[in-house]
Amino acid sequence: MSTITPHLVQSMVRDWLTTPVNGYLGSSYGQDLRRVLHSPLGANLADAQLEKLRTDVPVLTMLPESSVNLYSDSNGIETKRLYIELAGKLLAFEG
């Protein structure tokens, strides 16, 4: 019997973020990270992205809703960072 570890869940989320939408034939799995990072804050994409993440990585539905969060900030003029918090652990991605 396999055990789902926090490290395995983090790997699933990293895979989701690095896989382009429709990267798997017949599946909307994945994320367009650059579109998310370069959208204005007023676009209110965070909730929609978290919902898509939970849909594409169903193991996250086992966690309390408040334990999966999405943040972003600027890293200089041309680069933004996206942070996904999973139960207190931050995963950072630049684009």
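Residues numbered from 1 in each chain as written. Predicted model: local features only at pLDDT ≥ 70, side-chain atom pairs only at ≥ 80, totals over all residues. Heavy atoms only, no water.

### Describing the overall build of the protein
Okay, step 1: Scanning the protein from terminus to terminus reveals 3 helices and 3 strands.
Okay, step 2: Element order for the protein, N to C, with α for helix and β for strand: α-α-α-β-β-β.
Okay, step 3: At 13 Å, the protein has a C-alpha radius of gyration in line with the 12 Å of a compact globule built from 95 residues.
Okay, step 4: The principal-axis extent of the C-alpha atoms belonging to the protein is close to 50 × 35 × 20 Å.
Okay, step 5: Split into buried and exposed, the 95 residues of the protein put 34% on the buried side.
Okay, step 6: Summarising the internal contacts of the protein: among those between residues at least 6 apart in sequence, 37% fall at separations of at least 24.
Okay, step 7: Accessible surface, the protein as shown: approximately 6200 Å² in total, 56% of it carbon and sulfur. (Helix = DSSP H or I, 4+ residues; strand = E, 2+ residues; numbered from the N terminus. Rg over C-alpha atoms; globule rule 2.2 N^0.38 Å. Buried < 20%, exposed > 50% of the residue type's maximum accessible area, 1.4 Å probe, protein only. Contact = heavy atoms within 4.5 Å. Areas by Shrake-Rupley, 256 points an atom, 1.4 Å probe, with all protein chains shown as cover.)

### Some thoughts on the confidence of the model for the protein
Okay, step 1: Of the residues in the protein, 92% reach a pLDDT of 70 or more, and the chain-wide mean stands at 83.
Okay, step 2: Taking the mean pLDDT of every element in the protein, the minimum, 73, falls on helix H2 (residues 33-37) and the maximum, 89, on helix H1 (residues 6-18). (pLDDT = per-residue confidence, 0-100.)

### A look at H1
Okay, step 1: Taking 1.5 Å of rise per residue, the 13 residues of H1 would be expected to cover 18 Å, and the 19 Å separating its terminal C-alpha atoms lies within 8% of that figure.
Okay, step 2: Along H1, the residues classified as buried are Val 9, Gln 10, Val 13, Trp 16 and Leu 17. Taken down its axis, H1 places every buried residue within 120° of arc, on the same side. Away from its buried face by more than 90 degrees, H1 exposes His 7 and Thr 18. (Expected span 1.5 Å × (residues − 1). Arc of directions from axis to C-beta.)

### Structural notes on the sheet that holds strand S1 (residues 68-74)
Okay, step 1: Strands sit in the order S1-S2-S3 across an open sheet of 3 strands; the sheet is antiparallel. Bordering the open sheet on either side are S1 and strand S3 (89-94), each of which pairs with just one other strand. Strand after strand, the sheet turns through a mean of 20° between neighbouring axes, direction not considered.
Okay, step 2: Here strand S2 (residues 80-86) pairs with S3 via 6 bridges, running antiparallel. Residue Tyr 83 lies in a different strand from S3, and its bridge partner there is Ala 92. (Pairing = 2+ DSSP bridges. Axes fitted to C-alpha atoms, helices over the stretch in contact; angles between N-to-C directions.)

### Some thoughts on the nonpolar core
When a protein is soluble and globular, its nonpolar side chains tend to lie buried together.
Okay, step 1: The biggest cluster of nonpolar side chains holds 19 residues, and the ones touching the most others in it are Val 13, Leu 17, Leu 53, Val 57, Leu 60, Ile 84 and Leu 86.
Okay, step 2: At 4 residues, the largest contribution of residues to this core is made by H1.
Okay, step 3: Discounting residues that sit within four places of it in the chain, Ile 84 has contacts with Val 13, Leu 17, Leu 53, Asn 69, Leu 70, Lys 89, Leu 90 and Leu 91. (Core = buried A, V, L, I, M, F, W, Y, C linked by side-chain atoms within 4.5 Å.)

### A short note on unusual backbone geometry
Okay, step 1: Although it is not a glycine, Asn 22 sits at a positive phi angle of roughly 65°.
Okay, step 2: With respect to the element layout, Asn 22 can be found in the loop between H1 and H2.
Okay, step 3: For Asn 22, a relative accessible area of 52% corresponds to the exposed category.
Okay, step 4: Unusually for a residue other than glycine, Ala 87 sits at a positive phi of about 50°.
Okay, step 5: Along the chain, Ala 87 falls in the loop between S2 and S3.

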